[in-house]
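# An overview of the molecular structure
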Amino acid sequence: MPLALLALAVGAFGIGTTEFVMMGLLPDVADDLHISIPAAGHLVSAYALGVVIGAPLLAAATARMSRRKVLIALMGLFVVGNALSAFAPDYHWLLAARFLSGLPHGAFFGVGAVVATNLVAPERKARSVSLMFLGLTVANVAGVPVATLMGQHLGWRATFLGVSAIGVAAIASLALLIPRDHGHAPTGGLRGEVAALRSLPVWLALGTTVAGFGALFSAYSYITPMLTESAGYADGSVTLLLALFGVGATAGNLVGGRLADHSLRGTLFGGLASLVAVLALFPVFMTTQWSAAVAVTLLGVAAFITGSPLQLMVMEKASAAPSLASSANQAAFNLANAGGAWIGGLALAAGFGATSPAVAGAALAVLGLAVAGAAYAVDRRRAGVVAGATAGSSGRLVAAHVPPRAERVDH
């Protein structure tokens, strides 16, 4: 695997750290800015909104630019957003800075995934995407806990300065390691990129992402009350358990990338089926502490097995112009984050118990399997139509060149 993938992973590490660290810093930010915890929670939503809006817009706006230059520019915007967060004088400025920080997120992963697959042989495409995503999953194991501790001991502003420094390191890595001959712009331009989103298979792949990762976030958004109220863990133990989730996510991401290079569709179906099983068994897992720890790890494995296959599937369905569709998949991921948390919250509000968000997530994972099955059926039908048309054309071509029987006898 080329070293250029390391540069993409460094950028992904910084993005993953800034995305999730705010959840651990909410009390510190609320105290410092004299706002309520719910108001501080809007800072998480502002980042997610930036991702959803920025992913398609920035990918479309940069469609004719060199992908190498786009990646560097996106990481530059990331550094600016986090630096502004560190120096925000009040809540509203911080809200705007978090929105700005989220804008390059989806486009970076979308364009980065296209660059990653162009750097390797066809049989290693999924593995290359998983190595870029490795930065995101490692951020949950190391980046977020370290950044949270930094914020608690040095102040939350120091955290965002540290993340900005990671962004600067990513810019240097991208400039040094991304080959210039792999950074050319796509020939289709903006029109070709937009046309890619008109494809039904692309939308079915995006729908699978929303449902599959919505299942994850339905449970993960409420993992703390599950661990404390059902499994009996102390509040101080939750951080270590979330690190186990990051370990599982890292393993699942690497395994999923390797398996998807052998069977893209089989890996996707297997990952979603595993996610259904893990989430459906959460009420049982959460009855003891040791099984709860196993469940959190398995949740990370099952969810992130599907990450690389879904990203690669969207890119293949929009092969003529993959950057916008690939970035749109990151927007779909963040819609899944918001939608899954909302559905899990509905289950809790209905009084179904602390583990009910996981059961709701299992239902969403079943929906994801159904959408993936519909996508498979559409692909089979289209392949059959193409095969039939090809056979018909071949038959007419043969008939045109074979003379009638009488004419063959005369000659």
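Reading the values: rules and limits
- Residues numbered from 1 in each chain as written.
- Predicted model: local features only at pLDDT ≥ 70, side-chain atom pairs only at ≥ 80, totals over all residues.
- Heavy atoms only, no water.
- Phe/Tyr/Trp six-rings, centres within 6.5 Å; stacked < 30°, edge-to-face > 60°.
- Helix = DSSP H or I, 4+ residues; strand = E, 2+ residues; numbered from the N terminus.
- Buried < 20%, exposed > 50% of the residue type's maximum accessible area, 1.4 Å probe, protein only.
- Core = buried A, V, L, I, M, F, W, Y, C linked by side-chain atoms within 4.5 Å.
- Expected span 1.5 Å × (residues − 1).
- Bend = angle between axes of the 7 residues up to and from the residue.
- Salt bridge = Lys/Arg side-chain N within 4 Å of Asp/Glu carboxyl O.
- Polar contact = N/O pair within 3.5 Å; in protein donor to acceptor, adjacent residues only side chain to side chain.
- Contact = heavy atoms within 4.5 Å.

Right, let's talk about the packing of aromatic side chains for a bit. Scanning the model with the defined rule gives 9 aromatic pairs in all. Taking the centre distance of 6.3 Å and the plane angle of 75° together, the rings of phenylalanine 245 and phenylalanine 304 count as edge-to-face. Of the two residues, phenylalanine 245 is situated in helix H10 (residues 238-260) and phenylalanine 304 in helix H13 (residues 289-305); the sequence distance between them amounts to 59 residues. For the pair formed by phenylalanine 245 and phenylalanine 304, the shared burial category is buried. Put simply, the rings of Phe213, Phe217, Tyr220, Phe245, Phe304 and Phe333 pair up and form one aromatic cluster.

Formed by 56 residues in total, the largest nonpolar core has its most connected members in Leu216, Phe282 and Met286. In terms of residue count, helix H8 (residues 200-220) provides more of this core than any other element does, 9 residues in total. Counting residues in hydrophobic clusters, the runner-up holds 35 residues, among them Phe78, Phe109, Phe133 and Met315.

Attention shifts here to helix H5 (residues 125-154). Taking 1.5 Å of rise per residue, 30 residues should cover 44 Å, and H5 covers 41 Å from first to last C-alpha, within 8% of that figure. Within H5, the axis deviates most sharply at alanine 139, by approximately 55°. The first or second residue beyond H5 is glycine 155, which carries a positive phi of 100°.

The next subject is the pattern of salt bridges. Overall, the coordinates contain 4 salt bridges when judged by the stated rule. Between arginine 127 and aspartate 261 there is a salt bridge, with the nearest N and O atoms lying 3.3 Å from each other. Of the two residues, arginine 127 is situated in helix H5 and aspartate 261 in the loop between H10 and helix H11 (264-280); the sequence distance between them amounts to 134 residues. By the burial criterion, arginine 127 is buried, and aspartate 261 matches it. With a shortest N-O distance of 2.6 Å, lysine 317 and aspartate 379 are connected by a salt bridge. One end of the pair, lysine 317, is in helix H14 (residues 307-317); the other, aspartate 379, is in helix H16 (residues 356-401), and 62 residues separate them in sequence. The class for lysine 317 is partly exposed, based on a relative accessible area of 28%. Of the residues examined, aspartate 379 reaches a relative accessible area of 17% and is grouped as buried.

Bringing unusual backbone geometry into the picture now. Of note, the phi angle at histidine 34 is positive, near 60°, even though the residue is not glycine. Here histidine 34 lies in the loop between helix H1 (4-33) and helix H2 (37-61).

Relative to the elements of secondary structure, alanine 302 occurs in helix H13. Separated by 51 residues in sequence, alanine 302 and alanine 251 place their C-alpha atoms 9.5 Å apart.

For the rest of this paragraph, the subject is the side chain of threonine 137. Position of threonine 137 among the secondary structure elements: in helix H5. Residue threonine 137 is classed as buried on the basis of its relative accessible area of 1%. A polar atom in the side chain of threonine 137 sits 3.2 Å from the side chain of threonine 250. Contacts of threonine 137, omitting those with residues within four sequence positions, involve Gly246, Ala249, Thr250, Asn253 and Phe304.

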